[in-house]
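In case you want the letters, here they are:
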Amino acid sequence: MKSPLLALPGAVPAEGADEGVAAHYGDLFREQRELAAGRGFVDLSHRAVVTVTGADRLSWLHLLLTQHVSALPAQQATEALILSPNGHVEHALYLVDDGETTWAHVEPGTQAALIGYLESMKFFYRVEVADRSDELAVVHLPAGSAASAEGALAVRELPYGRDLFVPRAELGTLTAGYGPAAGIWAYEALRIEGHRPRLGFETDHRTIPHEVDWLTSAVHLQKGCYRGQETVARVHNLGRPPRRLVFLHLDGTEEKLPAHGAEVLRPGQDRPVGFVTSSARHHELGPIALALVKRNVPVDEVLLADGVPGSQDVIVPA
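What you see is a predicted model, and the numbers here were worked out from it, not measured in a lab.

1. Structural notes on the side chain of Thr277
- On the secondary structure map, Thr277 appears in strand β15 (residues 274-282).
- Overall, Thr277 belongs to the buried group, its relative accessible area being 0%.
- If we skip the residues at most four places from it in the chain, Thr277 touches Phe201, Glu202, Leu245, His260, Leu290, Ala291 and Leu292.

What follows is the structure in structure tokens.
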């Protein structure tokens, strides 16, 4: 869906997974600085919105998700995953419950497969699952924003800001009071700086939660069984994940940014040890990236991301 906010002055459309919203509005670094200072907003209306209603919604979701949600307090935000039987990440949900409805936003285009799986698991539970993407949109306000959330149907309060679920038909009207618009490139730069993984970027078909540090935010290690739980428990208790997410400070003298999927090499070697998952130009740090590399790569070694040297910050211990 194409956002009406692409009509704002200076808007340049994003491409790829973020098609439908603005990449930027003419000044990437200014937009980043505004967000870092707690001003403005980000249009995330390309993300899909799924709701679950019914008396059994939380106890039912608790059986399916990696997160403990059976007694999730109203208005408390959380993250959760759905795993394959082998423990590989299939879906990432960003949740909040308001006492009557569980609201979730997910990656664009993933809602059909997600809802298909949820519908197949309903059985006798009193739940209703709905794709609300046509009528609802997501807007992000940065931490420290003084903007009012009035008009939002649900709000996810987070350490780094607020995710608002708003009526799509009122997107232009409501955001007019939120301050200057920032594009998805600014939002992504701050996400990379914050080491926050994103499905389809930091993940591939064999990613397990441990590799990208989702154990700290989206997995509850003491809850009961769910699909893929055996892999989570085994890797956590008996070993280490085969790969680990790293943050790369890239050489600022290089003009190019390594693309998603670009090979990561050790100096002097031609066999890849990983791949770039996300990259951005940061208003303070310069060019930065996240990469998924083999666990045994030395943490103090400078790596080559598509030929660009980058020093590592540890996210997942080796």
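So, next bit.
2. Focus on the nonpolar core
- Judged by nonpolar contacts, the single largest core of 24 residues is most densely connected at Leu81, Trp214 and Leu245.
- Counting only elements with at least two residues in this core, the list comes to β5 (78-83), β6 (89-97), α5 (184-193), β13 (243-250), β15 and β16 (286-294).
- Setting aside residues no more than four positions away along its own chain, Leu81 makes contact with Leu64, Leu65, Thr66, Val89, His91, Ala92, Pro209, Trp214, Ala218 and Val219.
- With 22 residues, the next largest nonpolar core counts Ala48, Leu65, Ala104 and Val129 among its residues.

3. Notes on the environment of Arg132
- Along the chain, Arg132 falls in the loop between β8 (128-131) and β9 (136-142).
- Setting aside residues no more than four positions away along its own chain, Arg132 makes contact with Val49 and Thr51.

4. Comments concerning the side chain of Glu301
- Considering the arrangement of structural elements, one finds Glu301 in the loop between β16 and β17 (303-305).
- Among the polar contacts listed, one links the side chain of Glu301 to the side chain of Arg266, at a separation of 2.5 Å.
- Look past the residues within four positions of Glu301 in its chain and what remains in contact with it is Arg266, Pro267, Gly310 and Gln312.

5. Structural notes on the packing of helix α1 (residues 28-36) against α5
- Closest axis-to-axis distance for the α1/α5 pair is 9 Å, and the angle between their directions is 55 degrees. By the angle between their directions, the pair α1 and α5 is classed as oblique. In terms of crossing hand, the pair formed by α1 and α5 is right-handed. Only Trp185, Ala186, Tyr187, Ala189 and Leu190 of α5 make contact with α1, whose side of the interface consists of Leu28, Glu31, Gln32, Leu35 and Ala36.
- Each residue belonging to the contact of α1 with α5 can be placed in one class, and the counts come to eight nonpolar, one polar and one charged.

6. Here's the deal with the sheet that holds β6
- Strands sit in the order β5-β6-β7-β4-β8 across an open sheet of five strands; the sheet is antiparallel. The strands lining the two open edges of the sheet, one partner per strand, are β5 and β8. Each adjacent strand pair in this sheet contributes to an overall mean axis angle of 30 degrees, direction not counted.
- Pairing of strand β4 (residues 48-53) with strand β7 (residues 101-106) involves six bridges; the strand directions are antiparallel. Looking at β7, one finds that Val52 is bridged to Thr102.

Thresholds, definitions, all that
- Residues numbered from 1 in each chain as written.
- Predicted model: local features only at pLDDT ≥ 70, side-chain atom pairs only at ≥ 80, totals over all residues.
- Heavy atoms only, no water.
- Helix = DSSP H or I, 4+ residues; strand = E, 2+ residues; numbered from the N terminus.
- Buried < 20%, exposed > 50% of the residue type's maximum accessible area, 1.4 Å probe, protein only.
- Contact = heavy atoms within 4.5 Å.
- Core = buried A, V, L, I, M, F, W, Y, C linked by side-chain atoms within 4.5 Å.
- Polar contact = N/O pair within 3.5 Å; in protein donor to acceptor, adjacent residues only side chain to side chain.
- Axes fitted to C-alpha atoms, helices over the stretch in contact; angles between N-to-C directions.
- Parallel < 35°, antiparallel > 145°, perpendicular 65-115°, else oblique.
- Left-handed = near helix turned anticlockwise from the far one by under 90°.
- Nonpolar A, V, L, I, M, F, W, Y, C, P; charged D, E, K, R; others polar.
- Pairing = 2+ DSSP bridges.

By themselves these figures say nothing about function.
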